[in-house]
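What the coordinates show
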Amino acid sequence: MRVLVVEDERRMAAALQQGLQAEGFAVDLAHDGVDGLHQAREGGYDAIVLDVMLPKLSGYRVCERLRQEQNWVPILILSAKDGEYDQADGLDLGADDYLTKPFSYVVLAARLRALLRRGPTRRPAVLHAGDLRLDPARRRVFRGEAGIELTPREFALLEYLIRRPDEVISKSKILEHVWDAYASTDLNAVEVYVGYLRRKIDAPFGRNALQTVRGVGYRLAGDGG
Ligand code: CA
């Protein structure tokens, strides 16, 4: 099994190479994002271990570019960051797994073997409701050809609704899934964010995709409104 390790810190890269070779992997190294992307494109790798903080092109961008090019090689992201949002970013951009430094080579090798068993996985395609499109991997939203900028919370709300077209969803269900289940946020927050979202995805286009079902909740029209 051939693995590409993209890591700019030379000692760390050499240690990774040795550690993975000891676990039976053939390992090539790249020391910045541009070289990493180039080598990954050349193909021939069963998996890629990708550091986040890299010179020239970050690990997130390398991952994103490969997925945009329909390259589904399994990617494990390595990072010193341990925030939930960073993890979500990596996975949203199409990575398959995520490991925070410091880690043990035994764990890294086990995770890599799990990815190799699974093989290349196509990421979810772009979600549609009529001409309203949401791309979970690239975190982009479009109405027709027009790009729409959403905050992370607005994006999460739209993603939740667009995955359930024409379904009437209660405010409390939205709150539970889009906000932390234990957050003290009240139902008014849902109303407020539905309003924000309408001002971006509907009002400027004279449309009505995000509909209120009085006394019950909301529905995203499958035809885009
Ligand atoms: Ca680094």
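Residues numbered from 1 in each chain as written. Predicted model: local features only at pLDDT ≥ 70, side-chain atom pairs only at ≥ 80, totals over all residues. Heavy atoms only, no water.

**Overview of the packing of aromatic side chains**
Counted under the stated rule, the structure contains two aromatic pairs. When the ring of Tyr193 is compared with that of Tyr196, the centres are 5.0 Å apart and the planes differ by 80 degrees; the resulting orientation is edge-to-face. With Tyr193 and Tyr196 both in helix α8 (residues 187-201) and three residues apart, the pair spans about one turn of that helix. When its relative accessible area of 33% is taken as the criterion, Tyr196 is described as partly exposed. (Phe/Tyr/Trp six-rings, centres within 6.5 Å; stacked < 30°, edge-to-face > 60°. Helix = DSSP H or I, 4+ residues; strand = E, 2+ residues; numbered from the N terminus. Buried < 20%, exposed > 50% of the residue type's maximum accessible area, 1.4 Å probe, protein only.)

**Details of the pattern of salt bridges**
For the structure shown, the criterion picks out 16 salt bridges. Between Lys101 and Glu7 there is a salt bridge, with the nearest N and O atoms lying 3.0 Å from each other. With Lys101 in the loop between β5 (97-100) and α5 (105-118) and Glu7 in the loop between β1 (2-6) and α1 (10-22), the pair connects residues that are 94 residues apart, well separated along the chain. One salt bridge in this structure joins Lys101 and Asp51, with 3.1 Å as the shortest N-O distance. Of the two residues, Lys101 sits in the loop between β5 and α5 while Asp51 sits in strand β3 (residues 47-51), which places them 50 residues apart along the sequence. We note that Lys101, like Asp51, is buried. (Salt bridge = Lys/Arg side-chain N within 4 Å of Asp/Glu carboxyl O.)

**Overview of the domain arrangement of the protein chain**
Here the domain parsing of the protein chain yields domain 1 (2-118) and domain 2 (127-220). Taking only C-alpha atoms, the centre of domain 1 and the centre of domain 2 are 33 Å apart. Each partner contributes to the interface: domain 1 provides four residues, whereas domain 2 provides four residues. Here domain 1 and domain 2 share an interface that buries about 390 Å² over both sides, 46% of which is from carbon and sulfur atoms. Linking domain 1 to domain 2 there are zero salt bridges. On the surface where domain 1 and domain 2 come into contact, there are zero residue pairs in polar contact (both at pLDDT 80 or more). Residues belonging to the side of domain 1 that touches domain 2 are distributed by class as follows: one nonpolar, one polar and two charged. (Domains from an automatic or database assignment. Contact = heavy atoms within 4.5 Å. Buried area = accessible area lost by both parts, 1.4 Å probe. Polar contact = N/O pair within 3.5 Å; in protein donor to acceptor, adjacent residues only side chain to side chain. Nonpolar A, V, L, I, M, F, W, Y, C, P; charged D, E, K, R; others polar.)

**As for α1**
Helix length check: α1, at 13 residues, gives a terminal C-alpha distance of 18 Å against a target of 18 Å (1.5 Å per residue), a fit within 8%. Within the span of α1, buried status applies to Met12, Ala13, Leu16, Gly19 and Leu20. Buried residues in α1, looked at end-on, bunch into an arc of 130 degrees, giving them a common side. Facing away from the buried surface of α1 by more than 90 degrees, the exposed residues are Arg10, Arg11, Gln18 and Ala22. Turning to α1, the residues buried within the fold contact β1, β2 (26-30), β4 (75-79) and α5. In the stretch just after α1, Gly24 is the one whose phi turns positive, near 95 degrees. (Expected span 1.5 Å × (residues − 1). Arc of directions from axis to C-beta.)

**As for the coordination of the calcium ion**
The protein atoms that coordinate the calcium ion are Asp8 (OD), Asp51 (OD) and Met53 (O), at distances spanning 2.0 to 2.3 Å. Going along the chain, you hit the donors of the calcium ion in the pattern D-x42-D-x1-M. (Donors = N, O, S within 2.8 Å, 3.2 Å for Na, K, Ca; no water.)

**Here's the deal with the pairing of strand β12 (residues 217-220)**
Here is the key point about a regular strand: its side chains alternate between the two faces of the sheet. The sheet contact formed by strand β10 (residues 169-170) and β12 spans two bridges and is antiparallel. Residue pairing across strands places Ile169 opposite Tyr218, the latter belonging to β12. Sheet topology places strand β11 (residues 210-213) next to β12; four bridges connect them, and they run antiparallel. If you follow Val213 over to β12, its bridge partner there is Gly217. Hairpin connection, β11 to β12: the antiparallel pair is bridged by three residues, and Gly215 has positive phi, about 75 degrees. (Pairing = 2+ DSSP bridges.)

**Points about the packing of helix α7 (residues 171-178) against α8**
Interhelical geometry of α7 versus α8 gives an angle of 85 degrees and a closest axis separation of 9 Å. If you check the angle between α7 and α8, you find them roughly perpendicular. Taking contact as the criterion, the partners of Lys171, Ser172, Ile174 and Leu175 in α7 are, on α8, Leu187, Val190 and Glu191. For the contact of α7 with α8, the class distribution of residues is four nonpolar, one polar and two charged. (Axes fitted to C-alpha atoms, helices over the stretch in contact; angles between N-to-C directions. Parallel < 35°, antiparallel > 145°, perpendicular 65-115°, else oblique.)

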